[in-house]
Amino acid sequence: MRADWTDRFLARVTDTPAGCWQWTGYLMPNGYARFSIDGERQYAHRAAYEALVAPVPEGLVIDHLCRNRGCVNPAHLEPVTQRVNVLRGESHVAARARQTECIHGHPFDEANTYRVANGTRRCRTCRTAARARARARARSRTGVDCAAA
């Protein structure tokens, strides 16, 4: 770290039992630490990583391996793509991506999975069953076999 802001930065860091360097300065509402260097506001974890490890490669973001957004320990930080960062997280999108089966227990595998236009995975077994139910409802309403017509 550069001497002109090192002391000010380190004064806002405390150790935790988990090994995190917890930021005690300003935390944004989303939990990320902010710090000003030369009058420019930056994410504190990025500043720590770039000062102690290396510049963050173009197109990559910093992922908190410890899942603690207020941590500035470079050992807990890793440059990754935005996609990897999101999929490692706890969001709804990440949870859906980790699913290995549909809500009815059918596997999300090559043979049983298709994607709709927005990229969402869907289950072929459930689609087949839903279509069969729809045909049965149509037959019962009209008394005509829709598949034969």
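Residues numbered from 1 in each chain as written. Predicted model: local features only at pLDDT ≥ 70, side-chain atom pairs only at ≥ 80, totals over all residues. Heavy atoms only, no water.

Novice: Could you clarify how one ought to interpret the environment of T24 in this entry?
Specialist: Checked against the element boundaries, T24 lands in the loop between β2 (21-23) and β3 (34-37). Looking at T24, the relative accessible area reads 49%, which means it is partly exposed. In sequence terms T24 and F9 are 15 residues apart; their C-alpha atoms lie 9.9 Å from each other. Non-local contacts of T24, meaning those with residues more than four positions away in its chain, are made with A11, R12, V13 and T14. (Helix = DSSP H or I, 4+ residues; strand = E, 2+ residues; numbered from the N terminus. Buried < 20%, exposed > 50% of the residue type's maximum accessible area, 1.4 Å probe, protein only. Contact = heavy atoms within 4.5 Å.)

Novice: How do you make sense of the side chain of H64 when you look at a structure like this?
Specialist: Note on placement: H64 falls in strand β5 (residues 61-64). There is a polar contact of 3.1 Å between the side chain of H64 and the backbone oxygen of C71. If sequence neighbours within four positions are ignored, H64 has contacts with Y32, H45, R69, C71, H76 and L77. (Polar contact = N/O pair within 3.5 Å; in protein donor to acceptor, adjacent residues only side chain to side chain.)

Novice: What is the right way to look at the pattern of salt bridges in this model?
Specialist: Side chains carrying opposite charge are able to pair once their charged atoms draw close together. Applying the stated criterion across every chain, the model contains 4 salt bridges. The salt bridge involving D63 is made with R67; its shortest N-O contact spans 3.3 Å. Look at the salt bridges and you will find they share partners, linking D63, R67, E78 and R88 into a network. (Salt bridge = Lys/Arg side-chain N within 4 Å of Asp/Glu carboxyl O.)

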